[in-house]
Structure formats: structure tokens, C-alpha cells
There are 2 protein chains.
Amino acid sequence: MVKVNQNYLKLPGSYLFSEVARRISAYSAAHPEAKIIKLSIGDVTRPLAPAVIQAMHAAVEEMGTFEGFHGYGPEQGYPFLREAIAQFDYAARGVDILPEEIFVSDGAKSDCGNIGDIFGADNVVAVCDPVYPVYVDTNAMAGRAGDFQESLGRWSRLVYMPCVESNGFSPEIPKEQPDLIYLCFPNNPTGAMATREQLEAWVDYANATGAVILYDSAYEAFITQEDIPHTIFEIEGARTCAIEFRSFSKTAGFTGNRCAYTVVPRELERDGARLNSLWNRRQTTKFNGVPYVVQRGAAAIYTPEGRAQIMESIAYYQNNAQVIRAGLSAVGLECFGGVNAPYIWLKTPKGMGSWDFFDLLLDRANVAATPGAGFGPSGEGYLRLTAFGGAEATREAVERIKAVL
Amino acid sequence: MVKVNQNYLKLPGSYLFSEVARRISAYSAAHPEAKIIKLSIGDVTRPLAPAVIQAMHAAVEEMGTFEGFHGYGPEQGYPFLREAIAQFDYAARGVDILPEEIFVSDGAKSDCGNIGDIFGADNVVAVCDPVYPVYVDTNAMAGRAGDFQESLGRWSRLVYMPCVESNGFSPEIPKEQPDLIYLCFPNNPTGAMATREQLEAWVDYANATGAVILYDSAYEAFITQEDIPHTIFEIEGARTCAIEFRSFSKTAGFTGNRCAYTVVPRELERDGARLNSLWNRRQTTKFNGVPYVVQRGAAAIYTPEGRAQIMESIAYYQNNAQVIRAGLSAVGLECFGGVNAPYIWLKTPKGMGSWDFFDLLLDRANVAATPGAGFGPSGEGYLRLTAFGGAEATREAVERIKAVL
């Protein structure tokens, strides 16, 4: 008789974004006339850059010919893409990353979840609170989270690192000693960024204790302030303690095109094993690479035209972030983030609960946000707003929110 | 201190196809003049069908516009594709499968590996011997295989079901009672097919014992004989005991385009849980869907033109299979498969070992095959040849093999 993975049965409710989508659908069904503006899910809205479109058309054309057809590619990604990443995302910043340390994949969400495969089930995992739910749920599925404590909204075996106003939404090194530490900068959901000194402290800590930092840098392209590291590998010592996740989703609007990558340095060893070899084994065994057409599209963002085009879209979203921050701050709402990130972390007024404020904005302003409480207990009292909408809709959403306060 | 997944360290050597590729590369480097014909890895060689190319171009075009842009899609696949699959791959054969039972993914390899996520680590797994290595390696990674016994070439906790000449390469129900049973028909690597009666026996057995059949049907499009089931769901009772894996890779030449799907019926419950819900949770948490452009391409094979075009390519490969079978049989080699499958299972002459015969063909005929022993102990004494090459190259490979015997 088959036994199912009991850890799945411990997962509470549904995935945060599904629940948000459900409430929006229910509201829309009941109020078909309402024009809802979604500042909720972190999906982009601007089309793929012309250089990407051109490269994808050319690749589709190739796939229709005997000479240009590409069947199974390397599971780790084509050399043309791995080399471009190494050159433009790393060498250009003075960071040496070898192409064979880069694993191209179908998404940072997949990788952040799947990376757990190469680690034992008994590692202690530390996550920020609030946190992107994928880190928590995938570790719960693997049995590393223990049991979900309904009353606390926490898992019994996870180490939570509160990111709150008093510490500038930057996690402090926890009292318990974790093995795997998920860090996400620029942060989803708070929009906070770590300074060089803060990252140095994490790297030193991980090297001293034998921990591994799982560094999610999917929003790197949104960093605007000088002196903020764009990759954990700018920090000395990171090559012996960190794995970095990057994505084309927000950098180049690839949410529906699916391409990302994970960097596992060759020096990174734990428990007598090279993590690069383990991840390579995982990927070659359970994955078959990203579509050729998509990899060609991704590589196009490293051309001069492609670069200019994606920077234009990023600037557009950055402007939305400013509009939200400035507009809501002007009426006395407290806003965090939005400077080095496409997320604004909005404090609810009058101590209102996250889901209550979510429902209020949906009902009275027809604006959808994401309740901070959905990201963990320390997110209670906040909403996440995203800058990925249209400029006009974003402005209107801000006006509508102001009108119902 | 981080602990790695110790099961990874138990995996012997490298992945079969990597080792084959390594030997071919080494030979090529030493003999740059050699024109090697690869009848080894199961990769297709014919370009994508014109209908697929046209649909992909149109979808790329959409992705470059504000109105047509698609961001995050449903993790389970777009309704247009799930509905086409339900209609043309199932309803057209009199089989009722609901769109919500179909999960579109990036590959059957991914799914055959990832499906293990929803099952407990203590299930007993049965595999055919010889077997597609992904079933074995992914279960070994999850700790279900026990230890690798070098001298036997087997894992201590797996149940092996020999598929040998005496049983027509069709596995018999094992004495041990397995929980998870991987079946692959048309079979990779032997090219054997199960009859309706044989599948009925498996379904009855699984329902009686509470086992789950993991039915890999990636080569379904190659079935030529009448009365052979094209899906396990043609068998009464399969909805309460089977999960089916299908792929566009061989059906439509999508090996470099990455699209597949997995069917988990809603009635399928084990251990008090609906497997459809568990798989849905897995996919929504660890996966973000297949690129929109690729799903549009996949849907194009269900149009009348698309259908006609892919059938033409399949017929081309089927003809190659006949050329190999007929040519090698004529000189006294024993060939199996190749009738309902793109694989020919060739018995080595004079009791020669698989890897020895592989090396001999590579060295003397410059033909690359896949050693049967790489698929498991019962594959010793066989080679797998594939029908996915060009017609001319296939003919020449057969002549070269004949010449060195």
C-alpha cells in the first residue's frame, strides 16, 4: 500500500498567491462592473524587448530547418548563454564566475525549491520573516520544517529571522545555529536591501559555522543605490559558502518565457562533497534543459540593444515604485522598499490586520495587494504593493487608495 | 554544519548517456577523421513541423506586444493546451480525462523524477530490468533504493522485474509486493509493447494491493499494431491506480522545445490523500509552468495540418526502425522491438558484453549505440539502437555494422 509524503499533508491552506487570486475572482464574480487594478502578484506587464523577440523568431526559424534544428541541449544550458552570463552579470562587475558554475533553468522558483534535493533532511533551515513562501513550503515538503503551529503561524523546526521596522527589515544572525540560510536581496516582499557590511557578516558567519547561504537575487536589476552589492559573490569568502539564484523574469520580463540560473561555485564543499557536482547530478538526472528558443531570447539581453531595451522597462517600473511611495507617503502612510526593489512594503493604517486591509482595498478601492501576513507572522500589519503595473493604472491605484483612507 | 543528501553519494559512476557521450567524444578526439553515426541517444533529428513553427512565430509576436503579452501562466498549463490534450489524446480514443487531471510540464524526465516528491520515502519501488535510468536514479536520490550493490549492479531495496527474451521482454508481477511500479510502454530501451491483457493484469494487481502504477508512455505515437492500448486509461480500473506520463518530445520532435504532460486522475487516492491534489500542490509550489510560446507550439500538433505533419515524421522514423531490424536480422543478428517503438534491442553476437560490443561498433564501424548493460543487469548482452537518425545515415550505419561482423 502506497504511503504518501506525509509532509504534504502538514501544509496549511493554499499557496498564498492562489488565495489572493481566489479572493479577487470571487470579488469580480460578485461585482462584474468593478475594474480591479492588481498591485498584487509580482508579474510584469510590459512586452518582451524587441531584441529578445528578434532572437526568438530567428531561433524558431532555425528549429524548422534540418541544419538549424536543436534537439536535447546540455541540461545546464547552452555555452552561448552560460558564457554571456559569466561575462556580463559577473566579470563586468569584477567577479569571476566560470560558465560551468552556472546552471540555466526554467525558473528561480524551481531552483529555490529543488536545491533542497541535494541536502539532507536533518539540516536546520533559517528563513526571513516575512518570507517568499516557496522557501518555507518546499522545505516543509522535504520534512525540514517540522510541524506547522497554527496558533503561531510558524513551523516548529524552522528558524525565523524577523525583518521588522526596528532592524530596518534586515535579518540579524539568529541565536540558533542554522545550516541552510535563505537570504533574498533585494527582498521580496519588503523591498529592503542588504549593505555590503551586512552581507560580509553573513558570509563570515556561514564560513565559520559551515552553513550555506541560499542567496535569491531575482530582483538584482532593480538596485539603484551606489555601493550596494549586486551579487553575493562580490563579497570575499562567498565562493566557499553561497549559492546564488538569478532570474530573467523580472530583469527581462520573462515570467511567461521561463528562464533563470543558479550559480554554484566549484570551491563550495560541505560534508565532504562538492555542491557543484551534486547540483550537476540533480539537474542532469531530473531536468532536461531550457528550450533552445528561450535561451536564445535570454542571450539577446546581453547585446547592446537588448541591454538598452530592458533597462528602459526596468526604469519604467522603478518610476511606478516612486509614484506609489511618494503618493502614499504624502497622505501619511508608511512605505518601505521601492528604492532598490520593485516592491513597496506598506504599513497598514491604525494597526489594521493585513487581510482586513487587503479586503478593504479590494472592496472600496478595487485595488488588489498582497497581505503581508501571507509572508509570515512578522508581515502582519503590512501589505506588499508591486511596481509592475502600467504607469497609468499605478497612478490611478494610488489615487483610489488615497480616496478611501 | 550542512549535511548533504547522502543518497547522492551512493550513485555509481555517471549518468549512462553522459558516459556514452564521453566515450564518443574521446574517440572523436583521437580520430578526428571518423564520421560517427549516432544511433545512441534517443534524440530526434527532424525539424519541428511547419504548423508548430507557425504557431510559435505567432506566439513570439504576441509576446512582443502589450495586448498579446503573457506573463505567469497557470502552473498546470494553459486551458487551450489541456483541453486539446483531453480531446485529441484521450476523448478521441473513447477515454474520459478531464483537463484538470492533465498537468503540462517541461518534460517527462522531469515528471518521472519529480513525481517521487509526493510519495513517502519508505515505499517499495519496482522497476523493469533493463530500465530507463531516470526511474532508478531519482528513487535512489530520494532514499528509496537502499544501497548500490556493485557486484550485482543492483540497488538493495528496489524490486527488479527482469524483461528478458524468455518472457518476451514483458515484466511479470513480482513475488515481492511493490508500492510504486514503473511501467514504460512502448518500452525504452527494449522497444517491447504490452498487450491489453498484460496491462489489465497490472491494473487489477495495483488495485488489489494498493500499489500505484507510474506509466511512462512517451513513445505512444510509435504504436503501429492494432489492439495495442495507447494509454493505460483504456484499461478499466486504471483511474484508481495509475499516473500516466506523456511527452511531445518524440511525438512532435520537442526534445529541444521541452513540453510534456502528466495525467493524475481525480479518483486516485492513497493513504487518505488525493494524488491529484498532492501533485497540484507540488507543481504550483516548485514549478512555474511551460513557456507560453512552447505551449502554443504544442497545441498546434492537434490541428489537422499539424497532425498530418507530425505523422509524416513519425512514419519516417518508423521506416528507419524497419531498415535496422530488417538489415541486421538478415545477417543473423537477433533484433527485438522496432515495431511499436523507435528502439531496436539488438542481441550482441557470440555472447559479447554490451560495452565491448559498443566499443567495437564505435571503433570499427564508427557507429554509436547504447550499451544494454547501462540500463540494468538484464540488459547485458544487448545494445539499444534508435530510429531517430536520418534515413541515409541509418542505412549506412546498418551497412557498416554488417561489414564488421
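Note: the structure precedes this text.
Residues numbered from 1 in each chain as written. Chains lettered and ligands numbered in written order. Predicted model: local features only at pLDDT ≥ 70, side-chain atom pairs only at ≥ 80, totals over all residues. Heavy atoms only, no water.

A. Summary view of the overall build of chain A. The secondary structure content of chain A amounts to 13 helices and 17 strands. For 405 residues, the compact-globule estimate of 2.2 N^0.38 gives 22 Å, and chain A sits close to it at 21 Å. In terms of its C-alpha atoms, chain A occupies a principal-axis envelope of roughly 60 × 55 × 50 Å. Counting all 405 residues of chain A, 64% fall into the buried class. As presented, chain A carries roughly 14000 Å² of accessible surface, and 50% of it is formed by carbon and sulfur atoms. Separation of charge centres in chain A, based on 35 positive and 47 negative side chains, amounts to 4 Å. (Helix = DSSP H or I, 4+ residues; strand = E, 2+ residues; numbered from the N terminus. Rg over C-alpha atoms; globule rule 2.2 N^0.38 Å. Buried < 20%, exposed > 50% of the residue type's maximum accessible area, 1.4 Å probe, protein only. Areas by Shrake-Rupley, 256 points an atom, 1.4 Å probe, with all protein chains shown as cover. Lys, Arg positive; Asp, Glu negative; His and termini not counted. Charge placed at Lys NZ, Arg CZ, Asp CG, Glu CD.)

B. Expanded view of helix α6 (residues 133–141) of chain B. Burial of α6(B) is extensive: nine of the nine residues sit out of reach of the surface. Of the residues one or two after α6(B), B:G143 is the one with positive phi, at around 85°.

C. Looking closely at the sheet that holds strand β6 (residues 159–162) of chain B. Residue and element names in this part refer to chain B. On the basis of which strands lie adjacent, the open sheet formed by seven strands has the order β2-β10-β9-β8-β7-β3-β6 and mixed pairing. Each edge of the open sheet is held by one strand with a lone partner, namely β2 (102–105) and β6. Here the average twist between neighbouring strands, direction ignored, is 20°. The pairing of β2 with strand β10 (residues 260–263) spans four bridges and is classified as antiparallel. Note on β10: the bridge partner recorded for I102 is V263. Against the sheet, helix α7 (residues 196–209) contacts β6, β7 (180–184) and β8 (212–216), and its axis sits at roughly 145° relative to β8. (Pairing = 2+ DSSP bridges. Axes fitted to C-alpha atoms, helices over the stretch in contact; angles between N-to-C directions. Contact = heavy atoms within 4.5 Å.)

D. Expanded view of a negative patch on the surface. Residues and elements named next belong to chain A. A grouping of E197, E200, D204, E226, D227 and E236 is seen on the molecular surface, where their side chains present a negatively charged patch. With respect to the helices and strands, the residue D227 is situated in the loop between β8 (212–216) and β9 (242–247). Accessibility expressed as a relative area gives 62% for D227, which makes it exposed. (Patch = residues over 30% accessible without salt bridge, like charges linked within 9 Å, V, L, I, M, F, W, Y side chains within 5 Å. Salt bridge = Lys/Arg side-chain N within 4 Å of Asp/Glu carboxyl O.)

E. Region of interest: the relation of the copies chain B and chain A. Note on the identical chains: chain B maps onto chain A by a rotation of 180° and an axial translation of 0.0 Å, with an RMSD of 0.0 Å. The symmetry that links the two subunits is that of a two-fold axis. Residue B:H57 of chain B places its C-alpha closer to the rotation axis than any other residue of that unit, at 3.0 Å. When the interface residues of chain B are mapped onto chain A, 100% of them are again interface residues, pointing to one common binding face. (Least-squares fit on C-alpha atoms with pLDDT ≥ 70 in both.)

F. Examining the nonpolar core more closely. With 221 residues, the main nonpolar core has A:F248 and B:F248 as its most contacted residues. Counting 70 residues, the second-largest nonpolar core is a separate cluster that includes A:V2, A:V125, A:V131 and B:I118. (Core = buried A, V, L, I, M, F, W, Y, C linked by side-chain atoms within 4.5 Å.)

G. Region of the structure containing the interface of chain B and chain A. The interface is formed by 81 residues belonging to chain B together with 81 residues belonging to chain A. At the boundary of chain B with chain A, the tally comes to six salt bridges. Here A:K109 ties to B:E75 by a salt bridge, and the two come within 3.3 Å at their closest N and O atoms. On inspection of chain B and its partner chain A, the count reaches 44 residue pairs in polar contact (both at pLDDT 80 or more). Of all elements in the fold, only α1 (6–9), α3 (50–63), α5 (108–114), α6, α9 (275–286) and α10 (292–299) of chain B reach the threshold of two or more residues within the side of chain B that touches chain A. (Polar contact = N/O pair within 3.5 Å; in protein donor to acceptor, adjacent residues only side chain to side chain.)

H. A look at the sheet that holds strand β17 (residues 382–386) of chain A. Residue and element names in this part refer to chain A. A sheet is described by the order of its strands in space; here four strands give the open sequence β13-β14-β17-β16, paired in antiparallel fashion. One side of each edge strand has no neighbouring strand; the edge strands of this open sheet are β13 (335–337) and β16 (370–371). The sheet strands contacting helix α12 (residues 354–365) are β14 (343–347), β16 and β17, and the helix crosses β17 at an angle near 50°.

I. Looking closely at the pairing of β8(A). Residue and element names in this part refer to chain A. Counting buried positions along β8 gives five out of five residues, so the element sits mostly inside the fold. The side-chain alternation of β8 yields two buried faces, one formed by V212, L214 and D216 and the other by I213 and Y215. Here strand β7 (residues 180–184) runs beside β8; their pairing, made up of five bridges, is parallel. By the bridge assignment for β8, Y182 is matched with L214. As a crossover connection, the stretch from β7 through helix α7 (residues 196–209) into β8 is right-handed. Two strands pair when backbone bridges link them, and β8 and β9 are joined in this way by four bridges, in the parallel orientation. Each bridged residue has a counterpart across the sheet, and for D216 the counterpart in β9 is F245. (Right-handed = clockwise from strand over helix to strand, strands pointing away.)

J. Fine view of the side chain of A:N257. When you line up the elements, A:N257 lands in the loop between α8 (248–252) and β10 (260–263). Non-local contacts of A:N257, meaning those with residues more than four positions away in its chain, are made with A:L48, A:M56, A:V294, B:M63, B:P291 and B:V293.

K. Broad picture of the pattern of salt bridges. In total, this model carries 44 salt bridges over all chains according to the counting rule given. The residue B:D137 makes a salt bridge to A:R281 at a minimum N-O spacing of 3.2 Å. Taken together, the positions of B:D137 in helix α6 and A:R281 in helix α9 (residues 275–286) put the pair across two chains. For B:D137, a relative accessible area of 8% translates into the label buried. Here A:K402 makes a salt bridge to A:E399, at a shortest N to O gap of 3.5 Å.

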